[in-house]
Amino acid sequence: MTRERLRRALGPWVVGALVLAVSARASAASVEGYEVDADVDVERGRVVEHVAVRARVEEGEDRVRLWLYGDRLAVAPSAMDERSARWIYPGEVALGGYAIERVRVDDREASYAREALGEHDPPRPDRAPLRARDLGGSDLVVAIDPGPARVVTIRVDATLEVPERFGRLAHATSRLALAGPWYPLLLGEDDAVEDARHVVVARFSGGRGVSVEGALSATLHVDRVLGYVPLLAGDDLEARSSPLGGERRLVVVDRRDAYVPPARGAPGVEGLDDVTAIDRVAAIRAAALDVLATARWLGLELPDPLVVFVVPSRTELAASAPGVVLVSDRVFQIFPLDELRELHRRALRRALFQLAAQALARVDSAADRAWSVDLRAAALEALDERRRHGSRERTEALLEPFSFHPAVDQLINAPQITFDDVYFGAIDEPDRFRDDPSRARFPFARGRRLLASIEDVLGEGRMQRLVAMLVHGRRSVRSALERASPGASARLATWTAYPSLEVNYRLGPIESERIEAPEERPDAPRWRHRVVVLRDGDERPEPVEVEVEDEHGERVVGVWDGPGREGVVVIETRGERRRVVLDPRLRVSESGRVSEGHPRADDASSPTWRLPLFNNFSVDVLASEGNVTGLADISLRPRYDLEHLLILRLARTIARTTGRVRYLEGLGPRVTDNRRMIQLGGGLAFSRVEPGFATSTLGGYALELELLGTLSTERFIADPREGVTAIVSLAGGGTLRDDGSSAFTARGSLRVSGIVPVGLLDAFFFLGAGGFTAGSALDADRQMLGGRYGLRGFANDELVGDAMLFVVAEHRHTLIGDLAINLLHAVWVREVQLVTWLGAGAVFGTTDGREARVAAEAGAGLRFHYEYGGVQPGLLALDVGVPVSRLAEESGAPHVARSPVAFYVSFDQYF
């Protein structure tokens, strides 16, 4: 294996990572075939394997390397965070992996060593590793006696433990998925896995299994030429066959209780269709018919039957394995708007096209198939869109009119959702967990990115010629690219290594000058603009578009396509310059690791403003007291701007009605692409103070100036499981009372909270807060210990004074996870959480004349985590607080009758 060939295949960064280990992993072995005998315990997720690998080795070769993809199960994914943990594990972290029991070569005991993937690679400062055990598992290095070129047989006895987990190797929702390489595979030249003959015998206990033929059985015999043999097993699986025209069939393997619509003409109740159920077979069949029509149009062959496994996956909505298509059991769990359902159909069609691409890519080298299959599938998908005249409008464009809603804004600017590459059609298709074996060892660029990069260089005419060669299947991708554009083929190493090359582009100096138009061409350009483009981060030469908009609204685009840190684009326009934008079509990726702010914040000469955002628009009910309050909070800021935020708020409580204008400046590190860690600012508030609150009989009108500072490291807004938050505020102003008197009041408060996770299902939340009021204040201006943002067991007007302090300790435990309860397709309930808490505090200088009053409470509640339309996370909370100290008082009674408990209903977190 030469370094030059490795460089072409993997790109410059990967080469640097592998130089230290080339001698150890050099191998010229090629596979002759596999024989696998396996006992599969479906209930325990255990596979006892006896594998014989016949390998042709070169003269003098003294070792062979086998890939243990399943050893990725032995460690938790390093990319997992508080939100995505739910996409990997249905409960707590569960680990499995490979136990190697015996290795023989030609029936003689052999020595061997385990090597975790990437353990010899040099570290990458401040970046995730390109190769790691949690992504690609480990290698089994088997020693062989050096000798002449020959065929040797390596026998491995091993046990694969598949823990409770989602993914290609999954043991969840009563299914055992073995849809990734579940037995050792020989690594040949360039660390490639070649297609070979696989003879597999699998016996199942506790259920039945199914493979590429689509037939369920307690014992499977498979003899096919593939990369590996995928399996799916369970005790309640059913294979549903559906015609696709002629003799061709679609076989969908799903749970037995999956919805099947009633037969046409069924009598009475039996004929009623369930409007909340999803007919997965019909939806998959519709996508398959589209793919078959395009395949006939292009003269392509697809397997018969088309076999689809419905697997428990939360990171891949639709994908392919050798000979089968994999779809998540959450496919089509989305609001039944056709434009949204089309996003799922598109992902499914691409996975089906990968079956055709697997056959087309046989002309590519084994190493190149890791990316060439998906490149060909992306090209087929694009041709399919053209044939059907489908719209490829980006999801951002569909959602933009609704971006005033906070959930939609979060979805567009900082999504924390499953399958986000499906919904947004991201060219880069970020793939943090790399379940697909073709990308598990190295982060090759996916097909959509490769196609876009090639198109940007070739242009439309030559691109059409290249696509024709790709779908014809007689030339390798390298050969087709060389014929289409010899110069472009030299870029292939950069294109394939795209995910490992992180860049941020920004505008440099812009100079404009007026030029004279020739007399014979009065409409010729009269302004010349010299735009400097700066590239930070890795060296990643690629076409970068620069768009200049002139005073007439006309837009002219130029391109910088060269190496180096700086490039110049010269553009001429008829009118004076109005605005300059980098990458107006969002064709290149920019990394937040390289940029100081939002990576696209420095891509325009002047910002555009986003639609106003409703941060909160709610009605809160304290049912036990009959109090109804409301809040409307609107923020405005330029797009991609994390530093400047203008907030308009109108709030109604039982104490006051307030209109507020607030400005905040973002500082410090970026927590998400929507927020920095620190915000400092202030504002002006005008309030109508309500009479009758607590002991006050007077109301009035107040004007108040405030200073505010916040610090928050919380990332997942709907249900943070870790992080700290601190909020400090100072306010002062005057109140004109209803009796004509006036007074000056100063107030201050501090709230500090933190969340400590305990595993994946439990977390402890701690809150401490205090505040003071100085001056001649109405009760509405004093400190309130009770209510939604204090001790929830007490009413808002029950514990009021000049100062207060309190603490709350809360335990959050996930009772039920990974639900799929469909409420008219508008909401999918995913998780139920139990919350219990204790709180205590004191209020000083109380309205009832006491110097101090101590209060304690206990409470419990339920949190229902759901997804709007099956996509965006949300939260419904039901809480009951018990005022323990009030109930324990032996003398005296509250000045008004109080409910023994406080009951709250809310659609967001309390703290």
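Structure: above.
Quick caveat, the model's predicted, so the values are computed rather than measured.

1. Some thoughts on the pairing of strand β23 (residues 544-550)
Judged by how many residues are buried, β23 sits mostly within the fold: seven of seven residues are covered. The sheet contact formed by β23 and strand β24 (residues 555-560) spans six bridges and is antiparallel. The residue of β24 that forms the bridge with E549 is R555. With antiparallel pairing between neighbouring strands as the criterion, β23 and β24 make up a hairpin whose turn holds four residues, including G553 at a positive phi of roughly 85°.

2. Looking at the nonpolar core
Among the nonpolar cores identified, the biggest contains 86 residues, and V327, L348 and L466 are the most heavily contacted of them. Element by element, the count of residues in this core is highest for helix α13 (residues 447-472), at 11 residues. Dropping the residues within four chain positions of it, L348 is found in contact with I284, A287, A318, V325, V327 and F332.

3. Brief notes about the packing of aromatic side chains
Per the stated rule, a full pass over the model turns up seven aromatic pairs. Ring geometry for F686 versus Y701: centroids 6.2 Å apart, planes at 15°, classification stacked. Of this pair, F686 sits in strand β31 (residues 675-689) while Y701 is found in strand β32 (residues 700-712), placing the two residues 15 residues apart along the sequence. In this structure an aromatic cluster arises from ring pairing among Y34, W182 and Y183. The side chain of R688 reaches across the aromatic face of Y701, ending 4.8 Å from its centre. Between R792 and the ring centre of W837, over which it is positioned, the NZ or CZ distance is 3.8 Å.

4. Some details on the sheet that holds strand β7 (residues 138-143)
Taken in spatial order, the four strands line up as β6-β7-β3-β11 in an open sheet, and their pairing is antiparallel. With one partner strand each, in any of the chains shown, β6 (112-116) and β11 (185-186) form the two edges of the open sheet. Where strand β3 (residues 63-68) lies against β11, two bridges are found, and the strand directions are antiparallel. Looking at β11, one finds that W67 is bridged to L185.

5. Observations regarding helix α6 (residues 280-298)
With 19 residues, α6 extends 27 Å between its outermost C-alpha atoms, agreeing within 8% with the 27 Å of an ideal straight helix rising 1.5 Å per residue. Considering only its buried residues, α6 is in contact with β16 (237-243), β17 (249-255), β18 (306-311), β20 (324-328), α7 (338-360) and α8 (369-388). Backbone geometry just after α6 places G299 at a positive phi near 75°.

6. Structural notes on the environment of L360
Of note, L360 is situated in helix α7. A relative accessible area of 9% places L360 in the buried class. Along the chain, L360 and V373 lie 13 residues apart, while their C-alpha atoms are 7.7 Å from each other. Excluding residues that lie within four positions of it along the chain, L360 makes contacts with L300, R376, L380, L470, V471, H472 and G473.

7. Some words on the sheet that holds β20
Ordered by their spatial adjacency, five strands build an open sheet running β16-β17-β18-β20-β19, and the pairing between neighbours is mixed. With one partner strand each, in any of the chains shown, β16 and β19 (318-321) form the two edges of the open sheet. The sheet shows a mean angle of 25° between the axes of neighbouring strands, taken without regard to direction. Of the strand pairs in this sheet, β17 and β18 are connected by four bridges, and their pairing is parallel. The partner of V253 across the bridge, within β18, is F309. Sheet strands in contact with α6 are β16, β17, β18 and β20, and its direction is about 145° off that of β17. Against the sheet, α7 makes contact with β18, β19 and β20, and its axis sits at roughly 20° relative to β19, the strand it touches most.

8. Here we look at the pattern of salt bridges
Scanning all chains against the criterion turns up 87 salt bridges. Across the salt bridge formed by R449 and D428, the nearest N and O atoms sit 2.7 Å from each other. Of this pair, R449 sits in helix α13 while D428 is found in the loop between α11 (420-424) and α12 (437-440), placing the two residues 21 residues apart along the sequence. Look at D428 and you get partly exposed, because its relative accessible area is 26%. Several salt bridges share partner residues, and in doing so they unite D290, D338, E342, R345, R346, R349, D384, E385 and R387 into one network.

9. Quick notes on the environment of R853
Locating R853 in the fold gives a position in strand β40 (residues 852-868). Residue classification places R853 among the buried positions, given a relative accessible area of 10%. The contact partners of R853, leaving out residues within four places of it in the chain, are E798, L799, G841, A842, V843, T846, D848 and E889.

10. Remarks on the pairing of β20
Counting buried positions along β20 yields five of five residues, so the element is predominantly enclosed. Side-chain alternation along β20 places V324, L326 and S328 on one buried face and V325 and V327 on a second face that is also buried. Bridge count for β19 against β20 is four bridges, and the pairing is antiparallel. Of the residues in β20, the one forming a bridge with A319 is L326. Linkage of β19 to β20, two consecutive antiparallel strands, is achieved through a turn of two residues, within which G323 is found at a positive phi near 85°.

11. Observations regarding the packing of α13 against helix α14 (residues 477-484)
In the contact formed by α13 and α14, the axes pass within 9 Å of each other and the chain directions differ by 120°. The pairing of α13 with α14 is recorded here as oblique in orientation. α14 is crossed by α13, and the crossing has right-handed handedness. Note on element contacts: α14 touches α13 through V477, A480, L481, R483 and A484, opposite I454, L458, R462, R465, L466, M469 and L470. Of the residues that constitute the contact of α13 with α14, the class distribution is nine nonpolar, no polar and three charged.

12. Side note on the environment of R46
Topologically, R46 is positioned in strand β2 (residues 46-57). Remark: the alpha-carbon pair of R46 and L160, spanning 114 residues in sequence, is separated by 5.8 Å. Not counting residues up to four positions away in its chain, the partners in contact with R46 are D39, V40, D41, T159, L160 and E161.

Each value, and the rule that gives it
Residues numbered from 1 in each chain as written. Predicted model: local features only at pLDDT ≥ 70, side-chain atom pairs only at ≥ 80, totals over all residues. Heavy atoms only, no water. Buried < 20%, exposed > 50% of the residue type's maximum accessible area, 1.4 Å probe, protein only. Helix = DSSP H or I, 4+ residues; strand = E, 2+ residues; numbered from the N terminus. Pairing = 2+ DSSP bridges. Core = buried A, V, L, I, M, F, W, Y, C linked by side-chain atoms within 4.5 Å. Contact = heavy atoms within 4.5 Å. Phe/Tyr/Trp six-rings, centres within 6.5 Å; stacked < 30°, edge-to-face > 60°. Lys NZ or Arg CZ within 6 Å of the ring centre and 35° of its normal. Expected span 1.5 Å × (residues − 1). Axes fitted to C-alpha atoms, helices over the stretch in contact; angles between N-to-C directions. Salt bridge = Lys/Arg side-chain N within 4 Å of Asp/Glu carboxyl O. Parallel < 35°, antiparallel > 145°, perpendicular 65-115°, else oblique. Left-handed = near helix turned anticlockwise from the far one by under 90°. Nonpolar A, V, L, I, M, F, W, Y, C, P; charged D, E, K, R; others polar.

Function cannot be read off these values alone, since they describe shape.
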